[in-house]
Amino acid sequence: MRSERPDHVWFAPPCKKWSQMQELNIAQGQEERLMADRRRLEATHLRVTREGYDEQQKNGRHAYAEHPTQSRMWRNYLMMNMRGYDATLDQCAYGLRIWKNGVLLGPAKKQTRIRTTNYHFAIGISEKCKCEPRPGGGSPHVNLEGMGPILRQAQNYPKQLCKRAALLIVVTSFCDLNGFLSDSHHDDILALEETVDE
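Please read these numbers as outputs of a predicted model, since none were measured by experiment.

Draft legend 1. Main features of the overall build of the protein chain. The helix and strand inventory of the protein chain stands at six helices and six strands. Secondary structure elements of the protein chain occur, N-terminal to C-terminal, as β-α-α-β-α-β-β-β-β-α-α-α. Surface exposure of the protein chain reaches about 11,900 Å², of which carbon and sulfur atoms provide 52%.

Printed below as a string of structure tokens:
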């Protein structure tokens, strides 16, 4: 990274060992193993994420660190004082849906947080759930706890989220080079998104 000096770097450390669900599902007596796994990941994935993020920021380039909103990773000492802007989003707003045997089970909320050096990206990518409640008032979202193999569908970003992220990175890169982008341009960026080919 130091030799290539990319304008943008995306970090997404593995989620599993940092999830609250993992803590709930571990068998009695496995707590020490979970903590050992976290220490190992801390020494590799989190350190690389933090050092890479800081390197980008120090040199006036952009970095993005993504993890579920409630992830224990955000409470790790390596991540707690990482300077930047937080984007929060519900992936159902970008089309995350869960299927089983060809049948749509429903949207998956999957609340996500992105810490970034890119202010305009943080504003433009943040989206909240717009799902209608089920008849009778129940949650429209699929509960991902205990879903096993089906949960893998939620590991990849929805296509609409990738499209928005790519557009925001391209537009903010252009504006960084040319020295202009104000908060009033966000609606223009979102309108431009509609014209981008699938």
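Draft legend 2. Up close: the pattern of salt bridges. In the structure shown here, the tally under the stated rule is five salt bridges. The salt bridge partner of Lys130 is Glu127, with a shortest N-O separation of 2.6 Å. According to the relative accessible area criterion, Glu127 is buried, its value standing at 16%. Between Glu127 and Arg164 there is a salt bridge, with its nearest N and O atoms 3.3 Å apart.

Draft legend 3. Layout of unusual backbone geometry. For Asn101, which is not a glycine, the phi torsion comes out positive at approximately 50°. Along the chain, the position of Asn101 falls in the loop between strand 4 (97-100) and strand 5 (103-107). Despite not being glycine, Lys110 shows a phi value in the positive range, around 35°. Secondary-structure assignment places Lys110 in the loop between strand 5 and strand 6 (111-116).

Draft legend 4. How the structure looks around the confidence of the model for the protein chain. Here the protein chain shows a mean pLDDT of 82. Residues at 70 or above account for 74%. Confidence scores differ between elements of the protein chain, with helix 1 (residues 20-25) showing the lowest mean pLDDT of 54 and strand 3 (residues 85-90) the highest of 97.

Draft legend 5. Highlighting the environment of Leu104. The topology assignment puts Leu104 in strand 5. Among residues more than four places away in sequence, those in contact with Leu104 are Arg97, Ile98 and Trp99.

Draft legend 6. Inspection of the packing of aromatic side chains at higher detail. Under the defined criterion, the tally for this structure stands at five aromatic pairs. For the pair Trp10 and Tyr64, a centre-to-centre distance of 5.5 Å together with 25° between the ring planes defines the contact as stacked. You can see Trp10 sitting in strand 1 (residues 8-11) and its partner Tyr64 sitting in strand 2 (residues 62-68), a full 54 residues away along the chain. Assessed through its relative accessible area of 33%, Trp10 is described here as partly exposed. Residue classification places Tyr64 among the buried residues on the basis of a relative accessible area of 1%.

Draft legend 7. Expanded view of the environment of His62. In this fold, His62 is placed in strand 2. A relative accessible area of 11% means that His62 is categorised as buried. Each C-alpha atom, one on His62 and one on Pro6, is 8.5 Å from the other, the two residues being 56 residues apart in sequence.

Draft legend 8. Geometry of the pairing of strand 4. The pairing of strand 4 with strand 5 spans four bridges and is classified as antiparallel. Its bridge partner being in strand 5, Ile98 is matched across the sheet by Gly106. Between strand 4 and strand 5, which pair antiparallel and follow one another directly, the connecting turn spans two residues, one of which, Asn101, has a positive phi of 50°.

Draft legend 9. Representation of the sheet that holds strand 2 within the structure. An order of 1-2-6-3 is seen for the four strands of this open sheet, with the pairing classed as mixed. In this open sheet, the two edge strands, each paired with only one partner strand, are strand 1 and strand 3. Averaged over neighbouring strand pairs, the angle between their axes works out to 20° when direction is ignored.

Draft legend 10. Geometry of the nonpolar core. One finds Tyr64, Ala87, Leu89, Tyr94, Ile114, Phe121, Ala122, Ile125, Leu161, Ala165, Leu168 and Ile169 forming the largest nonpolar core, which totals 12 residues. Counting residues per element, the ones that place at least two in this core are strand 3, helix 4 (119-125) and helix 5 (159-178). With four residues, helix 5 is the single largest residue contributor to this core. Apart from residues lying up to four places away in sequence, Ile169 is in contact with His8, Tyr64 and Phe121. Membership of the second largest hydrophobic core comes to 11 residues, among which are Phe11, Trp74, Leu78 and Met79.

Definitions and cut-offs
- Residues numbered from 1 in each chain as written.
- Predicted model: local features only at pLDDT ≥ 70, side-chain atom pairs only at ≥ 80, totals over all residues.
- Heavy atoms only, no water.
- Helix = DSSP H or I, 4+ residues; strand = E, 2+ residues; numbered from the N terminus.
- Areas by Shrake-Rupley, 256 points an atom, 1.4 Å probe, with all protein chains shown as cover.
- Salt bridge = Lys/Arg side-chain N within 4 Å of Asp/Glu carboxyl O.
- Buried < 20%, exposed > 50% of the residue type's maximum accessible area, 1.4 Å probe, protein only.
- pLDDT = per-residue confidence, 0-100.
- Contact = heavy atoms within 4.5 Å.
- Phe/Tyr/Trp six-rings, centres within 6.5 Å; stacked < 30°, edge-to-face > 60°.
- Pairing = 2+ DSSP bridges.
- Axes fitted to C-alpha atoms, helices over the stretch in contact; angles between N-to-C directions.
- Core = buried A, V, L, I, M, F, W, Y, C linked by side-chain atoms within 4.5 Å.

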